[in-house]
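If you want the building blocks of each chain, they are given just below.
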Amino acid sequence: MTTAAIIVAAGRGVRAGGDIPKQWQTLGDRSVAAYAMERFSAHPAVSQLVLVLHPDDIDTHLWPREPAATIATGGATRAASVLAGLHAVNEDVDRVLIHDAARPLVKDALIDRVLAALDDNIGAAPALAVTDTLWHGVKGAVEGVQDREGLFRAQTPQGFLLAPLLAAHAASNGRETDDVAVARAAGVDVAIVAGDEDNIKITTPADFVRAAKLMRQDMDIRCGNGYDVHRFGPGDHVCLCGVHIPHTRSLQGHSDADVGMHAVTDAIYGALGKGDIGQHFPPSDPQWKGAASHIFLEHAVALAKSEGYGISNVDCTLVCEFPKIGPHQDAMKAVMAAYMGLDSDRISVKATTSEKLGFTGREEGIASIATVTLVKP
Ligand code: MG
């Protein structure tokens, strides 16, 4: 089965306040919709991400360009917007997950439950049983009590086999408020899977506060360390943290021997639990001979991103007597920041001598140690 996730972001979200639609407002360090996009993009079962936009938003910078998504133009109703998304899926897709862009806290476990239910059902959607007592109220007074037996609060993603859902939309009168209603109107049964209390839909300004609080609770924070050494040999420069520094000797190595960049790269692989540079770029492979080390660093950064992690900060220490690092520190930070797609104030490059002790003290080589922090919201 091939699954596409359709993020419906074509609404105007007037109840949330603010100058721009709620899905483009910032929560933490990115837009509300970006979180949902990242969750589905990083899910191993999802092979295509479709983002349905309001026509007025298409030519703006409101929507995230990453993770990569197929863009569809929404219509006048939610049903029309979803249909535009369904028409944008790749030919090999046979299952779709339709998700509100305003639900940024969707988790893998919930997505897994919906997908598992689709093995035996044409449609499946998460919901939570209503546990509060429900009242009818008139003019601020309780008029009666509604039986809550069998009542559920619906959530997304709502999952369907593609062909029956397309047929249901074709037969729809366009007035249904979600895809479960569209499917049911066409006679398709929709299984209920357990929803998640944290999978809230941002509707009012207070929901932003609640979502931010929930995000802080389940943030996945990882730390990694890296250590590297290269020996000196003949030459006239060294390359440290991407900066070319004239010197009386050069560092020897299979690549450009950028010991600082290697330590940072290994720290990222370490935080991910995904081996080290030698494993991803074997020295026995001639294509990496003399390679610029930013290739390794960019690979590690992309791997972190593909697993849903952002890099929070980097701290790299170079251990050598010479060359002097101080004059080049700012340039190193700027170069590393550019390759990693970070602000340079999230990167530290510092240096120490080893008081003329050991191999670094005898100027036989340069060592580097690095720490990185990765955060998955
Ligand atoms: Mg190395």
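Along each chain, the written sequence defines residue order, and numbers are assigned to residues from 1. Given that this is a predicted model, residues contribute local features only at a pLDDT of at least 70 and side-chain atom pairs are listed and counted only at 80 or more, while totals for whole chains, interfaces and linings are drawn from all residues. In computing side-chain values, all of the structure's heavy atoms are included and hydrogens and water are not.

### Side note on helix α7 (residues 259-272)
Note the cut-off: For helices the rule is a DSSP run of H or I covering at least 4 residues; for strands it is a run of E covering at least 2, with both sets numbered from the N terminus onward. A helix is expected to span 1.5 Å for every residue after the first. Accessible area is worked out with a 1.4 Å probe on protein chains only. A residue is then buried under 20% of its type maximum, exposed over 50%, and partly exposed in between.
An ideal rise of 1.5 Å per residue puts 20 Å on 14 residues; α7 measures up with 20 Å between its terminal C-alpha atoms. Buried residues dominate α7, accounting for 13 of its 14 residues.

### Some remarks on the pattern of salt bridges
Here is the rule we go by: The working definition used for a salt bridge is a side-chain nitrogen of Lys or Arg within 4 Å of a carboxyl oxygen of Asp or Glu.
Counted under the stated rule, the structure contains 17 salt bridges. With a shortest N-O distance of 2.6 Å, E66 and K305 are connected by a salt bridge. Taken as a pair, E66 in the loop between β4 (46-53) and β5 (70-73) and K305 in helix α9 (residues 294-306) lie far apart in primary sequence, 239 residues in all. The exposure class of E66 is partly exposed, given its relative accessible area of 48%. Since its relative accessible area comes to 52%, K305 is described here as exposed. Between K350 and D315 there is a salt bridge, with the nearest N and O atoms lying 2.7 Å from each other. Of the two residues, K350 sits in strand β18 (residues 347-352) while D315 sits in strand β17 (residues 310-319), which places them 35 residues apart along the sequence. Of the residues examined, D315 reaches a relative accessible area of 26% and is grouped as partly exposed. Salt bridges sharing common partners tie together R78, D100, R103, D179 and K201.

### Regarding helix α3 (residues 108-117)
This is how it is decided: As used here, the arc belongs to the directions running from the helix axis to the C-beta atoms. Throughout, a contact is declared for two residues whenever any of their heavy atoms are within 4.5 Å.
Taken residue by residue, α3 has L110, I111, V114, L115 and A117 as its buried positions. Each buried residue of α3 lies within a common arc of 165° when the element is viewed along its axis, so the set occupies one face. Along its buried surface, α3 packs onto β1 (3-9), α1 (32-42), β6 (95-100), β7 (123-129), β11 (158-161) and β12 (190-194).

### Focus: the domain arrangement of the chain
Rules: An automatic or database domain assignment is the source of the domain bounds shown.
When its domains are assigned, the chain resolves into domain 1 (3-218) and domain 2 (220-376). Taking the mean C-alpha position of each, domain 1 and domain 2 sit 42 Å from one another.

### A look at the coordination of the magnesium ion
Cut-off, in case you're wondering: Only N, O and S atoms count as donors, using a 2.8 Å cut-off from the metal and 3.2 Å for Na, K and Ca, and because water is excluded some sites may appear unfinished.
Distances from the magnesium ion to its protein donors, D228 (OD), H230 (NE2) and H262 (ND1), fall within 2.2 to 2.3 Å. Along the chain, the residues that donate to the magnesium ion are spaced as D-x1-H-x31-H. One end of the pair, H230, is in strand β13 (residues 220-233); the other, H262, is in helix α7, with 32 residues separating them in the sequence. H230 gets classed as buried once you look at its relative accessible area, which sits at 13%. Under the relative-accessibility criterion, H262 is labelled buried at 6%.

### Focus: the sheet that holds β13
Here is the rule: Strands are labelled as partners when DSSP assigns at least two bridges between them. Every axis corresponds to a line fitted to the C-alpha atoms, with the helix fit spanning only the stretch in contact, and the corresponding angles, defined between N-to-C directions, vary from 0 to 180 degrees.
One open sheet holds the five strands; their spatial order is β16-β13-β19-β17-β18, and the pairing between them is mixed. With partners counted over all chains shown, the strands left at the sheet margins are β16 (250-251) and β18, one partner each. Where β17 lies against strand β19 (residues 365-376), nine bridges are found, and the strand directions are antiparallel. Following the sheet pairing, C316 is matched in β19 by A370. Across the sheet, helix α10 (residues 329-340) touches β17 and β18, and the angle it forms with β18 is around 140°.

### Side note on a nonpolar patch on the surface
For clarity, the threshold we go by: Patch definition: residues above 30% relative accessible area lacking any salt bridge, with like charges linked at up to 9 Å and the nonpolar side chains Val, Leu, Ile, Met, Phe, Trp and Tyr linked at up to 5 Å. Computed with a 1.4 Å probe, the accessible areas rest on the Shrake-Rupley method; for each residue, only the protein chains presented here act as cover.
On the surface, W135, V142 and V145 cluster together into a nonpolar patch covering about 360 Å² of accessible area. Among the structural elements, W135 can be located in strand β8 (residues 134-138).

### Structural notes on the pairing of β6
Across the six residues of β6, six count as buried, placing the element largely inside the fold. Relative to β6, β1 runs parallel, the two sharing six bridges. Across the sheet, the residue bridging to A5 is L97, located in β6. In this structure, β6 lies alongside β11, joined through four bridges in antiparallel fashion. Note on β11: the bridge partner recorded for V96 is F160.

### Observations concerning the nonpolar core
Put simply, the test is: In plain words, nonpolar cores are sets of buried Ala, Val, Leu, Ile, Met, Phe, Trp, Tyr and Cys residues tied together by side-chain atoms within 4.5 Å.
Counting residues in each nonpolar core, the largest one holds 45 residues, and the members touching the most others are L240, V264, I268, M332 and M340. Within the residue set of this core, elements represented by two or more residues are β14 (237-240), β15 (243-246), α7, α9, β17, α10, β18 and β19. Discounting chain neighbours no more than four positions away, the residues touching V264 are L297, V314, C316, M336, M340, A370 and V372. If you look at the next biggest cluster of nonpolar residues, it comprises 25 residues, including I7, A36, M37 and I111.

### Observations regarding the layout of surface pockets
Convention followed: Two kinds of site are reported from a 1 Å grid over the protein atoms alone, namely cavities, where a 1.4 Å probe fits but cannot get out, and pockets, open sets with protein on both sides within 12 Å along at least five of seven lines, and residues are called lining when an atom falls within 4 Å of a point. Grid points are joined across faces, edges and corners, and a volume is the space filled by probe spheres set on the points.
Each pocket or cavity is described by its volume, and for the largest pocket that value is around 1200 Å³. In terms of lining, the largest pocket is formed by 38 residues, of which the most central are D29, R30, E38, K305 and G310. Elements with a minimum of two residues in the lining of the largest pocket: β3 (30-31), α1, α6 (205-217), α9, β17 and α10. Examining the composition of the lining of the largest pocket, we find that six residues originate from one element, α9, more than from any other. Taken domain by domain, the lining of the largest pocket gets at least three of its residues from each of domain 1 (3-218) and domain 2 (220-376).

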